[in-house]
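# Geometric and topological summary
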Amino acid sequence: MESKGKATLTYGDGKSIEFPVFGGSVGPDVIDIRTLYGKTGMFTYDPGFLSTASCQSKITYIDGDKGELLYRGYPIEQLAANCDFLETCHLLLYGELPNKAQNADFVDRVTHHTMVSEQMQFFLRGFRRDAHPMAVLTGLVGAMSAFYHDSLDINNPQDRDISALRLIAKMPTLVAMSYKYSLGQPYIYPRNDLSYTANFMRMMFATPCEEYKPNEVLVRALDRIFILHADHEQNASTSTVRLCGSSGTNPFAAIAAGVACLWGPAHGGANEACLNMLQDIQAQGGVAKLGEFVAKVKDPNSGVRLMGFGHRVYKNYDPRAKLMRETCYEVLNALGLENDPLFKLSMALEKVALEDDYFVKRKLYPNVDYYSGIVQKALGIPVSMFTGIFSLARTVGWIAQWQEMISDPEYKIGRPRQLFNGSTTRQVKPIDKR
Ligand code: ACO
């Protein structure tokens, strides 16, 4: 990398030090402060990584002010309109959209990894039936490292590729198994003559007594949800995967860490929290109660947030939320649910918030999770499975980012430092003198 300039830091009694500045292909430049500690004995302090780039990446670019999202340079709107999820996976993993032959080969390779070891069923049985699917998934994904030993050499590109394909292929099977387990229904095995998304819907909704015929509009809607959630640069769960993977652990363990991180309500858990919020408002009187609800959100002491609103990077409408709102219309129309009260409520709440000074000043707009819950609910997916669906879709982003990290010659174990403000050395007293 060639430096495009220098940044000077003045500190102490007029001392100064220069750092190289690097530019990416687009987006903010970075000041390379890797030598700061060695030269000054000081660390930088940036909890929450508000101003810290943790890596170089070629995968996903977000312009938060413009509300733009690109996977490998392609706008998300074009991918959502012209590609399916597996083409998007190929793009994220290998850097290019596949041509017909490459696509057929990729689909074939993914499809022939969809089955999971039969032992997984016994592992699942250890969970309570009412366990949250994300608790189950964290366990199942981590457990994959105990089943697929034959390709765990992270320094072997072929092994890494097989692990990536296994993760993308088996996630739908595992997510559907966690759902069937919660219902007490038999698992439905994958069917390789169906598309990736139709197969997933069948594993979720068929039973041994009744076949499930995937509806094309609904399959396309879920496929689009997968595309929109496939990657989002260095978000919390992706950074977790990178940090976990930086120790050299196997990819299944690293992705399990990503699943655990995604579960939180400030991240992937927001779609579940958002739908619960809409249902609560509806139960308390619906549109008539919006004023009261928004007043609570604005009260700094209430601890209530408008779920599905706000984003660390987007300070404009999240482009995924726009596409998700479109998909919401399509799905509700296809199902004859145009007058769905939750959709009406969410549109009304969005309007109130977008016109309110509190949200305008803070640049709070709907994010991808605002409408995704309504779409998923209409597809028949229960609220507790929403984040599991998100983790299925994000797996490709996590594994592509992990691959990029492992192949980066600059890759090192991630090891942040701290500003220590606890006790300095003290002496242990015997227990009766404390
Ligand atoms: N409702 C009400 N106020 C909000 C919201 C919200 N959803 N989001 C941010 N704010 C306010 C904060 O109170 C703060 O106000 P203040 O300046 O008066 O203190 C200001 O906006 C900045 O908020 P921060 O929490 O500092 O913003 P941050 O970038 O750290 O957080 C986050 C981003 C976590 C997404 C936040 O907006 C949030 O909690 N949103 C709701 C949860 C959600 O929808 N998460 C999904 C994110 S997208 C994804 O993960 C797929």
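The preceding data block contains the structure.
Since the structure is predicted, the reported quantities are computational estimates derived from the model, not experimental observations.

Conventions and cut-offs
- Residues numbered from 1 in each chain as written.
- Predicted model: local features only at pLDDT ≥ 70, side-chain atom pairs only at ≥ 80, totals over all residues.
- Heavy atoms only, no water.
- Helix = DSSP H or I, 4+ residues; strand = E, 2+ residues; numbered from the N terminus.
- Buried < 20%, exposed > 50% of the residue type's maximum accessible area, 1.4 Å probe, protein only.
- Contact = heavy atoms within 4.5 Å.
- Salt bridge = Lys/Arg side-chain N within 4 Å of Asp/Glu carboxyl O.
- Near = heavy atom within 4 Å.
- Polar contact = N/O pair within 3.5 Å; in protein donor to acceptor, adjacent residues only side chain to side chain.
- Areas by Shrake-Rupley, 256 points an atom, 1.4 Å probe, with all protein chains shown as cover.
- Nonpolar A, V, L, I, M, F, W, Y, C, P; charged D, E, K, R; others polar.
- 1 Å grid on protein atoms, 1.4 Å probe; cavity = no way out; pocket = protein on both sides within 12 Å on 5 of 7 lines; lining within 4 Å.
- Points joined across faces, edges and corners; volume = space filled by probe spheres on them.
- Pairing = 2+ DSSP bridges.
- Axes fitted to C-alpha atoms, helices over the stretch in contact; angles between N-to-C directions.
- Parallel < 35°, antiparallel > 145°, perpendicular 65-115°, else oblique.
- Left-handed = near helix turned anticlockwise from the far one by under 90°.

## Here's the deal with the overall build of the protein chain
Scanning the protein chain for helices and strands turns up 18 helices and 6 strands. Across its three principal axes, the protein chain shows a C-alpha extent of roughly 75 × 65 × 60 Å. For the protein chain, the proportion of its 434 residues judged to be buried stands at 47%. For the protein chain, restricting intrachain contacts to residue pairs at least 6 apart in sequence, the fraction spanning at least 24 positions comes to 69%.

## Remarks on the pattern of salt bridges
Throughout the structure, instances matching the rule amount to 18 salt bridges. For Asp223, the salt bridge is made with Arg220, and the minimal N-O distance between the two is 3.3 Å. Of this pair, Asp223 and Arg220 both sit in helix H9 (residues 216-229), separated by 3 residues, roughly a single helical turn. Judged by its relative accessible area of 30%, Arg220 falls in the partly exposed class. Here Glu350 and Arg325 are joined by a salt bridge, their closest N and O atoms 3.2 Å apart. On the criterion of sequence distance, the pair formed by Glu350 in helix H15 (residues 341-355) and Arg325 in helix H14 (residues 319-334) is long-range, its members being 25 residues apart.

## As for the site of the ligand
For the ligand, the set of nearby residues contains 20 residues, the closest of which are Arg305, Leu306, Gly308, Arg312 and Arg362. Within the backbone of Leu306, one N or O atom sits 2.8 Å away from a nitrogen atom of the ligand. Here the ligand loses 71% of its free accessible area of 920 Å² to cover by the protein chains. Partitioned by chemical class, the residues of the shell around the ligand number 11 nonpolar, 5 polar and 4 charged.

## Things to note about the environment of Ile389
Along the polypeptide, Ile389 turns up in helix H18 (residues 386-407). A relative accessible area of 0% places Ile389 in the buried class. On a C-alpha basis, the gap between Ile389 and His229 in space is 9.3 Å, while along the polypeptide they are 160 residues apart. When residues no more than four places from it in sequence are discounted, the contact partners of Ile389 are Phe200, Leu222, Phe226, Gln376 and Ile381.

## Let's talk about empty space enclosed by the protein
This model, assessed by the stated rule, comprises 3 cavities of 30 Å³ or more. As for the largest cavity, its lining consists of Met115, Val116, Ser117, Glu118, Gln121, Thr173, Met177, Tyr187, Ile188, Tyr189 and Pro190. Split by residue class, the lining of the largest cavity holds 7 nonpolar, 3 polar and 1 charged. Each pocket or cavity is described by its volume, and for the second largest cavity that value is around 60 Å³. Looking at the lining of the second largest cavity, the elements with two or more residues in it are helix H4 (100-111) and helix H8 (196-205). In the lining of the second largest cavity, the residues fall into 4 nonpolar, 5 polar and 1 charged.

## Describing the pairing of strand S2 (residues 15-22)
Here strand S1 (residues 5-11) runs beside S2; their pairing, made up of 7 bridges, is antiparallel. By the bridge assignment for S2, Gly5 is matched with Val21. Between S1 and the antiparallel strand that follows it, S2, lie 3 residues; Gly12 among them carries a positive phi value of about 55 degrees. As paired strands, S2 and strand S3 (residues 30-31) are joined by 2 bridges and run antiparallel to one another. Note on S3: the bridge partner recorded for Val21 is Ile31.

## Observations regarding unusual backbone geometry
For Phe49, which is not glycine, the phi torsion reads 50 degrees and is therefore positive. By secondary structure assignment, the location of Phe49 is in the loop between helix H1 (36-40) and strand S4 (60-63). Exposure remark for Phe49: the relative accessible area of 53% places this residue in the exposed category. Even without a glycine there, the phi angle at Glu233 is positive, about 40 degrees.

## Details of the pairing of S4
Neither face of S4 is open: one carries Thr60 and Ile62, the other Tyr61 and Asp63, and all of them are buried. In this sheet, strand S5 (residues 68-71) lies alongside S4 in antiparallel orientation, the contact comprising 4 bridges. Each bridged residue has a counterpart across the sheet, and for Tyr61 the counterpart in S5 is Leu70.

## Things to note about the sheet that holds S1
On the basis of which strands lie adjacent, the open sheet formed by 3 strands has the order S1-S2-S3 and antiparallel pairing. With partners counted over all chains shown, the strands left at the sheet margins are S1 and S3, one partner each.

## Considering the sheet that holds strand S6 (residues 74-75)
What the 3 strands build is an open sheet, ordered S4-S5-S6; its pairing is antiparallel. Pairing within the sheet leaves two strands with one partner each, and these edge strands are S4 and S6.

## Looking at the environment of Phe43
Within the fold, Phe43 resides in the loop between H1 and S4. Expressed as a C-alpha distance, the spacing of Phe43 and Leu419, which sit 376 residues apart in the sequence, is 8.1 Å. What Phe43 contacts, discounting residues up to four positions off in sequence, is Leu36, Tyr37, Arg417 and Gln418.

## Considerations on the packing of helix H6 (residues 133-147) against helix H7 (residues 157-183)
Closest axis-to-axis distance for the H6/H7 pair is 10 Å, and the angle between their directions is 140 degrees. Between H6 and H7, the angle falls in the class oblique. The two elements H6 and H7 meet at a crossing, and its hand is right-handed. Residues Pro133, Val136, Leu137, Leu140, Val141 and Met144 of H6 form the contact with H7, whose own contacting residues are Arg166, Leu167, Lys170, Met171, Leu174, Val175 and Ser178. Of the residues assigned to the contact of H6 with H7, the class counts are 10 nonpolar, 1 polar and 2 charged.

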